[in-house]
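# Structural overview for review
Below, each chain spelled out in residue letters.
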Amino acid sequence: MFRSFRALFAQKSASSAPTAPDLCATQSALAAALPDQGQLNIPVARTGDENLIGHSTIEHGRHLARQDRWEDLSKEMRAADQDRAAVSDGMPIADLLAFGARSDVVLAAEHALTDGKAISDYDLLGGISELEGEMADFPDDPMIATVVSLAHIDLAWAWRGTASDAALPPLHRSRCAAHFDRAASILPKCRADAPDSPLIAAASCALLAGQRRSNARVSDEYERLITLDPRNQRHMRAMGSHLLPRWFGSYDELELQAMRTAARTQGVWGAGGYTWVQFDAIALDEEACARVDTEYFLDGLRDIVRLRPDQQMINMLSAYCAITIQNGRGVNEQADQFRAQMRETANWLIRDHLTELHPMIWAHATAGFNNSVRINSPERFAARGQRDALRAISDLFRDELRSGMDVTFTPTGLQFSQN
């Protein structure tokens, strides 16, 4: 989860801030794939609207840190954490504030290490040393200590980079381990001081993912986090990914924990807990996709739609079924059978529930919902998402469009008219 802020931080609104973040632009998207035939019309959400609140929250956290207003930052983080406050895509407000507070330090180090520029140890360690100093000034504040711990986790990943284990330089390996070790030394007191904090529980899960200990009980850590914040699907999705064999688990444990999570979150998500735990895992792993219980997954997806029918959720589920899960076709026959079912599910979602297009969500779906993807131009990224969405939606309405029928999405449902 904590590596997911780079994309959000890079996204800027293309226009001045609207009065509400979910207002839709008045323009319609036109499908050009079928010229001289029917036309597809769908309202398009403005590019920056979906991420406006998250971006402003990050900036607010950064402002408070720059002004040395750490007590104010801590109070706001604690209040958001206790309220389980989150933006529309599920990202917790406390996490966003925490990233903003450490962003100057983390992003500067990431930039230097990514570009390979020769900088001194002082430049790399100076920023984190300043954060350590703030923690020393507030020795009994678990929120500030968590910011420092998360900064160490981020810096560990920055040193780790994308090189294979064999190709990782010794200095990078040692610095990576040192930052993870320092984060591990900070978090226990945070947990003792704030045992009911989802922010700190999530930081503990992020630490496990970095340390990769063979005896790590990842499912136990995530169960604790999900119990503290069951309404946030991001925790369940992260658990599923980390229970794949490539990380800490096995296919049997993934299935078991998906079923257990569904039972434990029945009152919040119906059967949706199963779907959320499997959501990213089956998109990443062919064998997991082949093994998933299709009927249980669909039951959970229907419950999610019933309980969260907002357009951001409908766009994400539609894009997932139409694009994300379709990647990898032809590798595993049983997985392809599941994909065919998901294509039918996309048809149901789009025809019965979609009323407006959120291009950024579809762009992320094309990227496999990879939270670490870097976005240099939000406008181009969103434009690509819009093109992919129109292509997928047009394909679902191919028969109607070929017959010369216009297909128009409205707040009350689809409208068909003869061209």
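Here the structure is shown first, and the text comes after it.
Residues numbered from 1 in each chain as written. Predicted model: local features only at pLDDT ≥ 70, side-chain atom pairs only at ≥ 80, totals over all residues. Heavy atoms only, no water.

### Thoughts on helix α16 (residues 294–307)
An α-helical segment advances 3.6 residues per turn. Residues three or four places apart therefore align on the same side. What counts is decided by this rule: Secondary structure elements follow DSSP: runs of H or I no shorter than four residues count as helices, runs of E no shorter than two count as strands, and numbering proceeds from the N terminus. Multiplying one less than the number of residues by 1.5 Å gives the expected span of a helix. For the exposure calls, accessible area comes from a 1.4 Å probe over protein chains only, and a residue counts as buried if that area is under 20% of its type's maximum, exposed if over 50%, partly exposed in between. A contact between two residues is defined here by any heavy atoms of the two lying within 4.5 Å. Side-chain atoms alone can form a polar contact between residues adjacent in sequence; in general such a contact is a pair of N or O atoms within 3.5 Å, and within protein one must be able to donate a hydrogen while the other accepts it.
The end-to-end C-alpha distance of α16 is 20 Å, a good match for the 20 Å that 14 residues give at a rise of 1.5 Å each. For α16, the full list of buried residues reads F297, L298, G300, L301, D303, I304 and V305. As for α16, its buried residues are in contact with α12 (266–269), α13 (272–279), α14 (281–284), α17 (311–322) and α18 (333–352). For α16, the N-terminal cap is D293; the gap from its side-chain oxygen to the backbone nitrogen of E295 is 3.3 Å.

### Things to note about the packing of aromatic side chains
In this description, a pair of aromatic rings is defined by centroid distance and the angle of the planes. Operational definition: The rule is short: rings of Phe, Tyr and Trp, with Trp giving its six-membered ring, pair when the centres are within 6.5 Å, and they are stacked under 30 degrees, edge-to-face over 60, tilted in between.
The tally for this structure, following the rule as stated, stands at 10 aromatic pairs. Summarising the aromatic geometry, the rings of F297 and F338 are spaced 5.3 Å apart at their centres and angled 85 degrees between planes, so their arrangement reads as edge-to-face. Placement of the pair is F297 in helix α16 and F338 in helix α18, with a sequence separation of 41 residues. Of the two residues examined, F297 and F338, each falls in the buried class. By the ring-pair criterion, three or more aromatic residues cluster together here, those being W269, W276, F279, F297, Y320 and F338.

### Focus: α17
Along its 12 residues, α17 runs 16 Å from first to last C-alpha, staying within 8% of the 16 Å computed at 1.5 Å per residue. Burial within α17 is extensive, with 12 of its 12 residues counted as buried. For α17, the complete set of buried residues consists of Q311, Q312, M313, I314, N315, M316, L317, S318, A319, Y320, C321 and A322.

### Overview of the side chain of S204
Within the secondary structure, S204 is located in helix α8 (residues 198–211). Beyond its immediate stretch of four places on either side in the chain, S204 contacts L187, R191 and E221.

### Here we look at the pairing of strand β3 (residues 405–410)
Spelled out, the test is: Note on pairing: DSSP must find at least two bridges between two strands before they are called paired.
Two elements, strand β2 (residues 40–45) and β3, share 2 bridges in a ladder whose sense is parallel. When the bridges of β3 are listed, N41 appears paired with T408. In this sheet, strand β4 (residues 413–418) lies alongside β3 in antiparallel orientation, the contact comprising 6 bridges. For F409, the partnering residue across the bridge sits in β4 and is L414. What sits between β3 and β4 in their antiparallel hairpin is a turn of 2 residues.

### Thoughts on empty space enclosed by the protein
Heads up, the rule is: Using a 1 Å grid laid over the protein atoms alone, points where a 1.4 Å probe fits but cannot get out form a cavity; open sets with protein on both sides within 12 Å along at least 5 of 7 lines form a pocket; any residue with an atom within 4 Å of a point counts as lining. Grid points are joined across faces, edges and corners, and a volume is the space filled by probe spheres set on the points. Lys, Arg, Asp and Glu make up the charged group, whereas Ala, Val, Leu, Ile, Met, Phe, Trp, Tyr, Cys and Pro make up the nonpolar group; the residues left over, Gly among them, are polar.
What the rule picks out here adds up to 1 cavity of 30 Å³ or more. Put simply, the largest cavity is a space of about 60 Å³. A80, D81, R84, A85, P92, A94, D95, P198, L199, A202, D229 and H235 together form the lining of the largest cavity. Counting residues per element, the ones that place at least two in the lining of the largest cavity are α3 (70–83), α4 (93–115) and α8. For the lining of the largest cavity, the element with the highest residue contribution is α8, accounting for 3 residues. Here the lining of the largest cavity is built from residues that sort into 7 nonpolar, 1 polar and 4 charged.

### A closer look at the nonpolar core
Quick note on the threshold: Grouping buried Ala, Val, Leu, Ile, Met, Phe, Trp, Tyr and Cys residues that are joined through side-chain atoms within 4.5 Å yields what is termed a nonpolar core.
Residues W276, I282, F297, L317, W362, I393 and F409 are the most contacted members of the largest nonpolar core, which totals 69 residues. Counting residues in hydrophobic clusters, the runner-up holds 47 residues, among them M91, V105, I128 and A156.

### Concerning the side chain of Q233
Of note, Q233 is situated in helix α10 (residues 233–242). Look past the residues within four positions of Q233 in its chain and what remains in contact with it is D89, W269, W276, R308 and M313.

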